[in-house]
Amino acid sequence: MTDAPARVRELSLYRRYFDLVAAGAKAVEVRVKYPHLADLAPGDTIRFRVKGTDETCDVRVDRVTAYPDFESLLDGEGSAHVNPTATRSQQLADIRAIYPPEKEALGALAIGIERVADQ
């Protein structure tokens, strides 16, 4: 029996969210339920990269939970786990500024993450 190698996905983040991940303060990453994320699973590694830089931060995926929309996701996950520095209403506005209604209509993913120590 062989173990499957750990999968590493690279995703971009805006600086303000990257800093929360790097500090270990962000426990849930929000993404649209795009087809390329359909096989994301616990145990996978996500390498977040600050948009436009070479700066990276690795996290381990603990779980992936699908929601019909961003409001349901924030209600189900608790907004403090998504961004402890912003109110729920501010987070909803910020997420919708990134993802327009046609993207939200695809569904939302709450990706439970845990910071991996630098090697």
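Conventions used here
- Residues numbered from 1 in each chain as written.
- Predicted model: local features only at pLDDT ≥ 70, side-chain atom pairs only at ≥ 80, totals over all residues.
- Heavy atoms only, no water.
- Pairing = 2+ DSSP bridges.
- Helix = DSSP H or I, 4+ residues; strand = E, 2+ residues; numbered from the N terminus.
- Axes fitted to C-alpha atoms, helices over the stretch in contact; angles between N-to-C directions.
- Contact = heavy atoms within 4.5 Å.
- Salt bridge = Lys/Arg side-chain N within 4 Å of Asp/Glu carboxyl O.
- Buried < 20%, exposed > 50% of the residue type's maximum accessible area, 1.4 Å probe, protein only.
- Parallel < 35°, antiparallel > 145°, perpendicular 65-115°, else oblique.
- Left-handed = near helix turned anticlockwise from the far one by under 90°.
- Arc of directions from axis to C-beta.

**Here's the deal with the sheet that holds strand β5 (residues 108-115)**
Paired through backbone hydrogen bonds, the strands of a sheet run either parallel or antiparallel to each other. Spatial strand order, β1-β3-β4-β5-β2: five strands in an open sheet with mixed pairing. Of all the strands in the sheet, the pair left with one neighbour each is β1 (8-13) and β2 (28-32). Recorded for the sheet is a direction-independent mean angle of 40° between the axes of neighbouring strands. Here strand β3 (residues 45-50) runs beside strand β4 (residues 56-67); their pairing, made up of five bridges, is antiparallel. Note that in β4 the partner of Phe48 across the bridge is Cys57. Packing against the sheet, helix α2 (residues 70-77) makes contact with β2, β4 and β5, and its axis sits at approximately 105° to β4.

**Looking at the pattern of salt bridges**
The tally for this structure, following the rule as stated, stands at 18 salt bridges. Asp44 is the salt-bridge partner of Arg7, the closest N and O atoms lying 2.5 Å from each other. Of this pair, Arg7 sits in the segment before β1 while Asp44 sits in the loop between β2 and β3, and the two are 37 residues apart along the sequence. For Arg15, the salt bridge is made with Glu55, and the minimal N-O distance between the two is 2.6 Å. One end of the pair, Arg15, is in helix α1 (residues 15-22); the other, Glu55, is in the loop between β3 and β4, and 40 residues separate them in sequence. Exposure remark for Arg15: the relative accessible area of 36% places this residue in the partly exposed category. Within this structure, Glu71, Asp75, Arg88, Arg96 and Glu104 form a network of salt bridges that share partners.

**A look at the packing of α2 against helix α4 (residues 88-98)**
Two packed helices can be described by the angle between their axes and the distance between those axes. Axis separation between α2 and α4 bottoms out at 10 Å; the angle between their running directions is 140°. Relative to α4, the element α2 is oriented oblique. The interaxial crossing formed by α2 with α4 has right-handed handedness. Residues Phe70, Glu71, Leu74 and Asp75 of α2 pack against Arg88, Gln91, Leu92, Ile95 and Arg96 of α4.

**So, α1**
Taken together, the buried positions of α1 are Tyr17, Phe18, Leu20 and Val21. All buried residues of α1 lie within an arc of 160° about the axis, which places them on one face of the element. Buried residues in α1 make contact with β1, β3, β4, α4 and β5. The positive-phi residue at the C-terminal boundary of α1 is Gly24, with phi of around 80°.

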